[in-house]
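One letter stands for each residue in the lines below.
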Amino acid sequence: MNIHEYQARELLIKFGVPVPAAIVVTNPMDAAKAFDKLVTRQHGGGMAVVKAQVHAGGRGKGGGVRMVRSSDEARKAATEILTRPLVTPQTPPEGVPVTKLMVAAGVEIAKEYYLAIAVDRKNSAPIIVASAEGGMDIEQVAREKPEAIIREPISPIAGLAPYQARKIAYRLGFKGQQVRMAGKIMHQLSDLFLKCDCSLAEINPLIVTKPTDEHPDGVVMAVDAKINFDENALIRQEDIRSLEDPTEVNADEAHASRFGLSYIKLDGSIGCLVNGAGLAMATMDIIKLHGGEPANFLDVGGSASEEAVTEAFRIILQDPKVNGVLVNIFGGIAKCDTIARAIVVAAKEVGFTVPLVVRLEGTNVEEARKILEEAKAEIPTMQIGGDLTEAAKMITAATAA
Ligand code: GDP
Ligand code: MN
(Lines give C-alpha, C1' and ligand atoms only; values in the text may rest on other atoms or scores of the structure.)
(Ligands and ions follow the chains in the order given, each with its own letter.)
Protein backbone atom coordinates (compact mmCIF):
# COMPACT_ATOMS: atom_id res chain seq x y z
CA MET A 1 0.00 0.00 0.00
CA ASN A 2 1.20 3.42 -0.99
CA ILE A 3 0.51 6.80 0.69
CA HIS A 4 0.92 10.44 -0.32
CA GLU A 5 4.01 12.53 0.34
CA TYR A 6 2.17 14.71 2.88
CA GLN A 7 1.17 11.58 4.82
CA ALA A 8 4.70 10.19 4.65
CA ARG A 9 5.91 13.56 5.95
CA GLU A 10 3.63 13.22 9.01
CA LEU A 11 5.07 9.77 9.71
CA LEU A 12 8.62 11.08 9.42
CA ILE A 13 7.75 13.82 11.92
CA LYS A 14 6.30 11.22 14.29
CA PHE A 15 9.64 9.38 14.24
CA GLY A 16 11.64 12.57 14.67
CA VAL A 17 13.00 13.13 11.15
CA PRO A 18 13.42 16.87 10.40
CA VAL A 19 11.33 18.09 7.45
CA PRO A 20 10.43 21.56 6.15
CA ALA A 21 7.18 23.10 7.42
CA ALA A 22 4.27 22.44 5.06
CA ILE A 23 0.53 22.94 4.57
CA VAL A 24 -1.85 20.82 2.47
CA VAL A 25 -4.30 22.76 0.27
CA THR A 26 -6.83 22.00 -2.43
CA ASN A 27 -7.21 25.37 -4.18
CA PRO A 28 -5.03 28.23 -5.46
CA MET A 29 -6.27 30.77 -2.93
CA ASP A 30 -5.26 28.57 -0.02
CA ALA A 31 -1.91 27.93 -1.72
CA ALA A 32 -1.30 31.70 -1.70
CA LYS A 33 -2.31 31.90 1.98
CA ALA A 34 -0.04 28.96 2.79
CA PHE A 35 2.86 30.79 1.15
CA ASP A 36 2.32 33.81 3.39
CA LYS A 37 2.16 31.60 6.49
CA LEU A 38 5.26 29.57 5.63
CA VAL A 39 7.59 32.14 4.21
CA THR A 40 8.89 34.62 6.71
CA ARG A 41 11.48 37.24 5.85
CA GLN A 42 14.31 35.67 7.90
CA HIS A 43 14.07 32.00 6.87
CA GLY A 44 14.09 30.01 3.67
CA GLY A 45 15.20 32.79 1.33
CA GLY A 46 11.61 33.86 0.66
CA MET A 47 10.81 30.73 -1.29
CA ALA A 48 8.26 27.91 -1.10
CA VAL A 49 7.58 24.78 -3.12
CA VAL A 50 4.15 23.84 -4.46
CA LYS A 51 3.94 20.06 -4.86
CA ALA A 52 1.30 17.88 -6.48
CA GLN A 53 0.11 15.10 -4.17
CA VAL A 54 -0.24 12.01 -6.33
CA HIS A 55 1.18 8.55 -5.84
CA ALA A 56 3.37 8.70 -8.94
CA GLY A 57 6.97 9.81 -8.52
CA GLY A 58 9.09 11.94 -10.83
CA ARG A 59 6.80 14.90 -10.23
CA GLY A 60 9.68 17.35 -10.52
CA LYS A 61 10.21 16.31 -14.14
CA GLY A 62 6.54 16.70 -15.00
CA GLY A 63 6.01 20.19 -13.59
CA GLY A 64 4.38 18.87 -10.42
CA VAL A 65 6.98 20.50 -8.13
CA ARG A 66 7.25 24.29 -8.50
CA MET A 67 9.46 26.75 -6.69
CA VAL A 68 7.62 29.98 -5.97
CA ARG A 69 8.83 33.32 -4.58
CA SER A 70 5.57 35.12 -3.80
CA SER A 71 2.01 34.31 -2.82
CA ASP A 72 0.98 35.33 -6.31
CA GLU A 73 3.40 32.84 -7.86
CA ALA A 74 2.10 30.19 -5.45
CA ARG A 75 -1.46 30.88 -6.59
CA LYS A 76 -0.46 30.66 -10.26
CA ALA A 77 1.55 27.45 -9.80
CA ALA A 78 -1.33 25.88 -7.87
CA THR A 79 -3.79 26.82 -10.62
CA GLU A 80 -1.58 25.27 -13.27
CA ILE A 81 -0.98 22.03 -11.38
CA LEU A 82 -4.65 21.60 -10.39
CA THR A 83 -6.18 22.30 -13.78
CA ARG A 84 -4.44 19.73 -15.90
CA PRO A 85 -3.46 16.08 -15.48
CA LEU A 86 0.09 15.57 -14.27
CA VAL A 87 2.28 13.57 -16.63
CA THR A 88 5.54 12.16 -15.24
CA PRO A 89 7.75 9.24 -16.29
CA GLN A 90 5.79 7.16 -13.76
CA THR A 91 2.20 8.02 -14.79
CA PRO A 92 0.17 6.68 -17.73
CA PRO A 93 0.73 8.83 -20.85
CA GLU A 94 -2.55 10.70 -20.33
CA GLY A 95 -1.42 11.67 -16.81
CA VAL A 96 -3.23 11.62 -13.48
CA PRO A 97 -5.60 14.24 -12.00
CA VAL A 98 -4.29 16.33 -9.10
CA THR A 99 -6.70 17.40 -6.36
CA LYS A 100 -4.34 18.06 -3.45
CA LEU A 101 -1.20 20.14 -3.14
CA MET A 102 1.39 20.46 -0.45
CA VAL A 103 2.95 23.87 -0.04
CA ALA A 104 6.30 23.47 1.71
CA ALA A 105 8.69 26.07 3.05
CA GLY A 106 11.56 26.27 0.58
CA VAL A 107 14.98 25.24 1.78
CA GLU A 108 18.36 26.32 0.41
CA ILE A 109 19.91 23.05 -0.67
CA ALA A 110 23.70 22.60 -0.55
CA LYS A 111 23.62 18.94 -1.62
CA GLU A 112 21.10 16.17 -2.30
CA TYR A 113 21.44 12.54 -1.14
CA TYR A 114 19.40 9.39 -1.50
CA LEU A 115 18.45 7.35 1.57
CA ALA A 116 16.03 4.44 1.59
CA ILE A 117 15.21 1.25 3.39
CA ALA A 118 13.82 -1.58 1.32
CA VAL A 119 13.36 -5.32 1.71
CA ASP A 120 16.35 -7.36 0.60
CA ARG A 121 14.90 -10.74 -0.35
CA LYS A 122 18.34 -12.31 -0.78
CA ASN A 123 19.30 -11.56 2.84
CA SER A 124 15.74 -11.89 4.17
CA ALA A 125 16.25 -8.56 5.92
CA PRO A 126 15.65 -4.86 5.50
CA ILE A 127 18.47 -3.06 3.74
CA ILE A 128 19.63 0.55 3.74
CA VAL A 129 20.30 1.87 0.28
CA ALA A 130 22.09 5.21 0.19
CA SER A 131 23.89 7.40 -2.29
CA ALA A 132 25.57 10.77 -2.42
CA GLU A 133 24.21 11.03 -5.97
CA GLY A 134 20.77 11.92 -4.67
CA GLY A 135 18.02 13.93 -6.24
CA MET A 136 15.70 12.90 -8.93
CA ASP A 137 17.09 9.92 -10.82
CA ILE A 138 18.33 7.17 -8.54
CA GLU A 139 17.31 4.51 -11.10
CA GLN A 140 19.77 6.05 -13.53
CA VAL A 141 22.54 6.05 -10.89
CA ALA A 142 21.84 2.37 -10.21
CA ARG A 143 22.20 1.60 -13.92
CA GLU A 144 25.17 3.75 -14.83
CA LYS A 145 27.14 4.05 -11.59
CA PRO A 146 26.24 1.08 -9.38
CA GLU A 147 29.38 1.64 -7.27
CA ALA A 148 27.91 4.97 -6.11
CA ILE A 149 25.20 3.11 -4.22
CA ILE A 150 25.84 1.94 -0.66
CA ARG A 151 23.97 -1.08 0.66
CA GLU A 152 23.87 -2.16 4.28
CA PRO A 153 21.57 -4.89 5.63
CA ILE A 154 19.70 -4.17 8.88
CA SER A 155 18.95 -6.78 11.53
CA PRO A 156 15.16 -7.16 11.60
CA ILE A 157 15.45 -7.90 15.33
CA ALA A 158 18.10 -5.49 16.63
CA GLY A 159 17.49 -2.76 14.05
CA LEU A 160 20.24 -0.56 12.63
CA ALA A 161 23.45 -0.63 14.71
CA PRO A 162 25.12 2.70 15.57
CA TYR A 163 28.38 1.66 13.83
CA GLN A 164 26.44 0.99 10.62
CA ALA A 165 24.86 4.46 10.65
CA ARG A 166 28.29 6.07 11.22
CA LYS A 167 29.88 3.99 8.46
CA ILE A 168 27.18 4.96 5.96
CA ALA A 169 27.33 8.63 6.97
CA TYR A 170 31.13 8.72 6.41
CA ARG A 171 30.85 6.89 3.10
CA LEU A 172 28.25 9.40 1.96
CA GLY A 173 30.81 12.11 2.68
CA PHE A 174 29.06 13.79 5.60
CA LYS A 175 31.32 16.00 7.70
CA GLY A 176 31.28 17.41 11.25
CA GLN A 177 27.80 17.74 12.75
CA GLN A 178 26.29 16.26 9.58
CA VAL A 179 27.49 12.76 10.57
CA ARG A 180 25.45 12.84 13.77
CA MET A 181 22.40 14.37 12.07
CA ALA A 182 22.42 11.88 9.19
CA GLY A 183 23.04 8.93 11.53
CA LYS A 184 20.10 9.98 13.68
CA ILE A 185 17.84 10.14 10.61
CA MET A 186 18.96 6.64 9.56
CA HIS A 187 17.98 5.31 12.99
CA GLN A 188 14.65 7.13 12.87
CA LEU A 189 13.92 5.82 9.39
CA SER A 190 14.87 2.28 10.41
CA ASP A 191 12.60 2.57 13.43
CA LEU A 192 9.73 3.77 11.22
CA PHE A 193 10.36 1.01 8.69
CA LEU A 194 10.25 -1.76 11.28
CA LYS A 195 7.43 -0.41 13.49
CA CYS A 196 5.11 0.43 10.58
CA ASP A 197 5.74 -2.79 8.58
CA CYS A 198 7.01 -0.87 5.57
CA SER A 199 8.10 -2.49 2.36
CA LEU A 200 9.84 0.74 1.32
CA ALA A 201 10.76 3.95 3.16
CA GLU A 202 12.56 6.30 0.81
CA ILE A 203 13.84 9.82 1.33
CA ASN A 204 14.81 11.39 -1.99
CA PRO A 205 16.27 13.86 -1.62
CA LEU A 206 17.77 13.81 1.83
CA ILE A 207 19.47 17.19 1.87
CA VAL A 208 22.02 19.34 3.63
CA THR A 209 21.02 22.98 3.82
CA LYS A 210 23.46 25.76 3.04
CA PRO A 211 25.57 26.73 6.07
CA THR A 212 24.40 29.55 8.32
CA ASP A 213 25.90 31.17 11.42
CA GLU A 214 23.62 29.06 13.58
CA HIS A 215 24.39 25.85 11.65
CA PRO A 216 27.86 26.09 10.13
CA ASP A 217 27.61 22.48 8.84
CA GLY A 218 24.07 23.03 7.55
CA VAL A 219 21.08 20.93 8.61
CA VAL A 220 20.31 17.43 7.31
CA MET A 221 16.61 16.95 6.51
CA ALA A 222 14.11 15.10 4.33
CA VAL A 223 12.59 17.07 1.45
CA ASP A 224 10.59 14.26 -0.19
CA ALA A 225 9.50 10.84 1.02
CA LYS A 226 7.81 7.80 -0.41
CA ILE A 227 6.61 5.08 1.94
CA ASN A 228 5.01 1.76 1.00
CA PHE A 229 3.59 -0.81 3.40
CA ASP A 230 3.40 -4.57 3.42
CA GLU A 231 -0.30 -5.26 2.81
CA ASN A 232 -0.11 -8.53 4.71
CA ALA A 233 0.67 -6.53 7.86
CA LEU A 234 -2.17 -3.99 7.57
CA ILE A 235 -4.24 -6.16 9.87
CA ARG A 236 -2.05 -4.89 12.74
CA GLN A 237 -1.58 -1.37 11.34
CA GLU A 238 -5.05 0.19 11.63
CA ASP A 239 -3.65 3.74 11.63
CA ILE A 240 -1.71 3.09 8.47
CA ARG A 241 -4.62 1.39 6.73
CA SER A 242 -6.75 4.49 7.31
CA LEU A 243 -4.25 6.54 5.27
CA GLU A 244 -5.16 4.75 2.04
CA ASP A 245 -6.53 7.10 -0.61
CA PRO A 246 -9.30 5.19 -2.45
CA THR A 247 -9.01 7.50 -5.48
CA GLU A 248 -5.45 6.27 -6.03
CA VAL A 249 -6.44 2.60 -6.06
CA ASN A 250 -7.66 0.96 -9.26
CA ALA A 251 -11.30 0.08 -8.47
CA ASP A 252 -11.17 -3.28 -10.27
CA GLU A 253 -7.93 -4.27 -8.57
CA ALA A 254 -9.42 -3.40 -5.17
CA HIS A 255 -12.61 -5.33 -6.04
CA ALA A 256 -10.48 -8.34 -7.02
CA SER A 257 -8.42 -8.27 -3.85
CA ARG A 258 -11.58 -8.42 -1.73
CA PHE A 259 -12.24 -11.82 -3.30
CA GLY A 260 -8.66 -13.04 -2.88
CA LEU A 261 -7.89 -12.57 -6.58
CA SER A 262 -4.67 -11.02 -7.89
CA TYR A 263 -5.75 -8.87 -10.80
CA ILE A 264 -3.70 -6.39 -12.78
CA LYS A 265 -5.24 -4.59 -15.71
CA LEU A 266 -3.21 -4.40 -18.92
CA ASP A 267 -3.74 -2.78 -22.30
CA GLY A 268 -4.62 -5.76 -24.52
CA SER A 269 -7.93 -7.31 -25.51
CA ILE A 270 -7.79 -10.96 -24.41
CA GLY A 271 -8.99 -11.49 -20.85
CA CYS A 272 -7.17 -14.24 -18.97
CA LEU A 273 -8.41 -16.28 -16.05
CA VAL A 274 -5.72 -18.55 -14.69
CA ASN A 275 -4.78 -20.23 -11.42
CA GLY A 276 -1.25 -19.65 -10.18
CA ALA A 277 0.95 -16.64 -10.91
CA GLY A 278 3.49 -18.65 -12.89
CA LEU A 279 0.84 -20.23 -15.08
CA ALA A 280 -0.76 -16.78 -15.55
CA MET A 281 2.58 -15.40 -16.80
CA ALA A 282 3.07 -18.39 -19.11
CA THR A 283 -0.46 -17.96 -20.43
CA MET A 284 0.15 -14.28 -21.19
CA ASP A 285 3.38 -15.21 -22.97
CA ILE A 286 1.68 -17.79 -25.12
CA ILE A 287 -1.15 -15.41 -26.04
CA LYS A 288 1.50 -12.93 -27.20
CA LEU A 289 3.39 -15.66 -29.06
CA HIS A 290 0.28 -16.30 -31.12
CA GLY A 291 -0.26 -12.63 -31.89
CA GLY A 292 -2.72 -11.64 -29.17
CA GLU A 293 -2.42 -9.06 -26.37
CA PRO A 294 -3.50 -9.96 -22.83
CA ALA A 295 -6.05 -7.58 -21.25
CA ASN A 296 -5.06 -8.51 -17.74
CA PHE A 297 -3.10 -10.68 -15.40
CA LEU A 298 -5.48 -12.65 -13.21
CA ASP A 299 -4.52 -15.31 -10.73
CA VAL A 300 -7.57 -16.82 -9.03
CA GLY A 301 -5.27 -18.61 -6.59
CA GLY A 302 -5.14 -22.16 -5.37
CA SER A 303 -8.33 -22.29 -3.36
CA ALA A 304 -10.63 -20.21 -5.53
CA SER A 305 -14.31 -20.48 -4.64
CA GLU A 306 -17.10 -20.51 -7.20
CA GLU A 307 -18.09 -17.05 -5.97
CA ALA A 308 -14.57 -15.65 -6.40
CA VAL A 309 -14.26 -17.08 -9.91
CA THR A 310 -17.64 -15.61 -10.87
CA GLU A 311 -16.41 -12.22 -9.63
CA ALA A 312 -13.25 -12.74 -11.67
CA PHE A 313 -15.34 -13.11 -14.83
CA ARG A 314 -17.37 -10.06 -13.85
CA ILE A 315 -14.19 -7.99 -13.52
CA ILE A 316 -12.70 -9.24 -16.79
CA LEU A 317 -15.91 -8.71 -18.79
CA GLN A 318 -16.43 -5.20 -17.38
CA ASP A 319 -13.37 -4.08 -19.33
CA PRO A 320 -14.74 -2.70 -22.62
CA LYS A 321 -11.49 -3.57 -24.39
CA VAL A 322 -11.96 -7.30 -23.77
CA ASN A 323 -13.08 -9.07 -26.95
CA GLY A 324 -12.32 -12.62 -25.86
CA VAL A 325 -11.49 -14.62 -22.74
CA LEU A 326 -9.05 -17.47 -22.24
CA VAL A 327 -9.50 -19.66 -19.19
CA ASN A 328 -6.47 -21.76 -18.37
CA ILE A 329 -6.73 -23.86 -15.24
CA PHE A 330 -4.41 -26.50 -13.97
CA GLY A 331 -6.51 -28.16 -11.30
CA GLY A 332 -4.41 -28.95 -8.26
CA ILE A 333 -5.85 -27.53 -5.09
CA ALA A 334 -8.27 -25.58 -7.27
CA LYS A 335 -10.67 -28.09 -8.78
CA CYS A 336 -11.62 -28.02 -12.44
CA ASP A 337 -15.28 -28.69 -11.67
CA THR A 338 -15.42 -25.60 -9.41
CA ILE A 339 -14.15 -23.50 -12.27
CA ALA A 340 -16.56 -25.13 -14.72
CA ARG A 341 -19.52 -24.39 -12.42
CA ALA A 342 -18.33 -20.80 -12.03
CA ILE A 343 -18.20 -20.45 -15.82
CA VAL A 344 -21.83 -21.61 -16.04
CA VAL A 345 -22.89 -19.22 -13.25
CA ALA A 346 -20.94 -16.34 -14.80
CA ALA A 347 -22.56 -17.07 -18.16
CA LYS A 348 -25.99 -16.71 -16.51
CA GLU A 349 -25.14 -13.70 -14.32
CA VAL A 350 -22.74 -11.78 -16.47
CA GLY A 351 -23.25 -13.27 -19.93
CA PHE A 352 -20.52 -14.11 -22.42
CA THR A 353 -21.06 -12.04 -25.53
CA VAL A 354 -17.39 -12.44 -26.51
CA PRO A 355 -15.59 -15.65 -27.53
CA LEU A 356 -14.55 -17.85 -24.61
CA VAL A 357 -11.91 -20.58 -24.81
CA VAL A 358 -11.58 -22.92 -21.86
CA ARG A 359 -8.63 -25.17 -21.22
CA LEU A 360 -8.81 -27.31 -18.10
CA GLU A 361 -6.47 -30.02 -16.87
CA GLY A 362 -5.98 -31.82 -13.56
CA THR A 363 -8.16 -32.56 -10.57
CA ASN A 364 -11.78 -33.38 -11.46
CA VAL A 365 -11.27 -32.53 -15.14
CA GLU A 366 -13.69 -35.23 -16.33
CA GLU A 367 -16.52 -33.86 -14.26
CA ALA A 368 -15.64 -30.34 -15.41
CA ARG A 369 -15.78 -31.34 -19.08
CA LYS A 370 -19.22 -32.89 -18.50
CA ILE A 371 -20.50 -29.69 -16.87
CA LEU A 372 -19.25 -27.59 -19.77
CA GLU A 373 -20.60 -30.01 -22.44
CA GLU A 374 -24.03 -29.79 -20.85
CA ALA A 375 -23.87 -25.99 -20.69
CA LYS A 376 -22.77 -25.55 -24.31
CA ALA A 377 -26.21 -24.46 -25.44
CA GLU A 378 -26.25 -21.71 -22.80
CA ILE A 379 -22.77 -20.49 -23.70
CA PRO A 380 -22.70 -20.42 -27.52
CA THR A 381 -19.43 -18.47 -27.69
CA MET A 382 -17.52 -21.15 -25.76
CA GLN A 383 -14.90 -23.46 -27.24
CA ILE A 384 -12.96 -26.12 -25.36
CA GLY A 385 -9.22 -26.15 -25.97
CA GLY A 386 -7.08 -29.26 -25.65
CA ASP A 387 -3.61 -28.08 -24.73
CA LEU A 388 -2.47 -24.53 -24.02
CA THR A 389 -1.07 -23.89 -27.50
CA GLU A 390 -4.31 -25.01 -29.12
CA ALA A 391 -6.30 -22.86 -26.69
CA ALA A 392 -4.12 -19.81 -27.37
CA LYS A 393 -4.51 -20.29 -31.13
CA MET A 394 -8.27 -20.62 -30.73
CA ILE A 395 -8.64 -17.41 -28.74
CA THR A 396 -6.33 -15.35 -30.94
CA ALA A 397 -8.16 -16.59 -34.05
CA ALA A 398 -11.58 -15.92 -32.51
CA THR A 399 -10.65 -12.38 -31.44
CA ALA A 400 -8.77 -11.47 -34.63
CA ALA A 401 -11.94 -12.06 -36.65
P1 GDP B 1 9.79 14.16 -7.12
O2 GDP B 1 10.31 14.72 -8.40
O3 GDP B 1 8.40 13.62 -7.27
O4 GDP B 1 10.74 13.15 -6.53
O5 GDP B 1 9.66 15.39 -6.09
P6 GDP B 1 10.70 16.03 -5.02
O7 GDP B 1 9.92 16.50 -3.87
O8 GDP B 1 11.83 15.10 -4.72
O9 GDP B 1 11.26 17.32 -5.78
C10 GDP B 1 12.07 17.23 -6.91
C11 GDP B 1 13.28 18.11 -6.77
O12 GDP B 1 12.87 19.46 -6.53
C13 GDP B 1 14.20 17.78 -5.61
O14 GDP B 1 15.12 16.77 -5.92
C15 GDP B 1 14.89 19.11 -5.39
O16 GDP B 1 15.99 19.25 -6.28
C17 GDP B 1 13.84 20.13 -5.77
N18 GDP B 1 13.24 20.68 -4.55
C19 GDP B 1 12.18 20.24 -3.84
N20 GDP B 1 11.97 21.00 -2.75
C21 GDP B 1 12.92 21.94 -2.75
C22 GDP B 1 13.26 23.06 -1.89
O23 GDP B 1 12.63 23.34 -0.88
N24 GDP B 1 14.33 23.82 -2.24
C25 GDP B 1 15.07 23.55 -3.35
N26 GDP B 1 16.11 24.34 -3.61
N27 GDP B 1 14.81 22.55 -4.17
C28 GDP B 1 13.74 21.75 -3.89
MN1 MN C 1 11.82 12.95 -4.83
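The protein appears in an unreviewed UniProt entry as Succinate--CoA ligase [ADP-forming] subunit beta from Mucisphaera calidilacus. Word for word, the UniProt comment on the protein under Sequence similarities (unreviewed entry) is "Belongs to the succinate/malate CoA ligase beta subunit family."

Enquirer: It is not clear to me how unusual backbone geometry should be interpreted in this structure. Could you clarify?
Expert: As a rule of thumb, non-glycine residues mostly have phi less than zero, and peptide bonds are mostly trans rather than cis. Geometrically, the link from Asn204 to Pro205 is a cis peptide bond, its omega value of 10 degrees lying close to zero. Non-glycine residue Ser124 carries a positive phi angle of around 50 degrees. For Ser124, the location among the structural elements is in the loop between strand E5 (109–120) and strand E6 (125–131). Relative accessible area serves as the criterion here: at 62%, Ser124 is assigned to the exposed category.

Enquirer: Even after reading the chapter, I still don't get the domain arrangement of the protein, so can you show me in this structure?
Expert: Reports of interface size often rely on the accessible area that becomes lost once the parts have come together. Here the protein is partitioned into domain 1 (1–19 + 108–248), domain 2 (21–106) and domain 3 (251–400). Here the C-alpha centroids of domain 2 and domain 3 sit 44 Å apart.

Enquirer: I would appreciate a short explanation of the environment of Lys51 in the present structure.
Expert: Along the chain, Lys51 turns up in strand E2 (residues 48–52). Taking C-alpha positions, Lys51 is 8.4 Å from Ala78, a pair spaced 27 residues apart along the chain. Beyond its immediate sequence surroundings of up to four residues, Lys51 is in contact with Glu5, Arg59, Gly64, Val65, Lys100, Leu101, Met102, Val223 and Asp224. There is a polar contact of 3.0 Å between the side chain of Lys51 and the backbone oxygen of Val223.

Enquirer: Before we go on, may I ask you to explain the site of ligand 1 in this structure?
Expert: The environment of ligand 1 is made up of 17 residues, and the closest members are Lys51, Arg59, Gly60, Met67 and Glu112. The side chain of Asp224 places a nitrogen or oxygen atom 3.0 Å from an oxygen atom of ligand 1. Its free accessible area being 560 Å², ligand 1 has 87% of it covered by the protein chains. Elements with a minimum of two residues in the shell around ligand 1: E2, strand E3 (65–68), E5 and strand E8 (198–209). Considered class by class, the residues forming the shell around ligand 1 number nine nonpolar, four polar and four charged. Formed jointly, the shell around ligand 1 draws a minimum of three residues from each of two domains, domain 1 (1–19 + 108–248) and domain 2 (21–106).

Conventions used here
Residues numbered from 1 in each chain as written. Chains lettered and ligands numbered in written order. Predicted model: local features only at pLDDT ≥ 70, side-chain atom pairs only at ≥ 80, totals over all residues. Heavy atoms only, no water. UniProt positions renumbered as here; feature names shortened; annotations may be inferred. Helix = DSSP H or I, 4+ residues; strand = E, 2+ residues; numbered from the N terminus. Buried < 20%, exposed > 50% of the residue type's maximum accessible area, 1.4 Å probe, protein only. Domains from an automatic or database assignment. Contact = heavy atoms within 4.5 Å. Polar contact = N/O pair within 3.5 Å; in protein donor to acceptor, adjacent residues only side chain to side chain. Near = heavy atom within 4 Å. Areas by Shrake-Rupley, 256 points an atom, 1.4 Å probe, with all protein chains shown as cover. Nonpolar A, V, L, I, M, F, W, Y, C, P; charged D, E, K, R; others polar.

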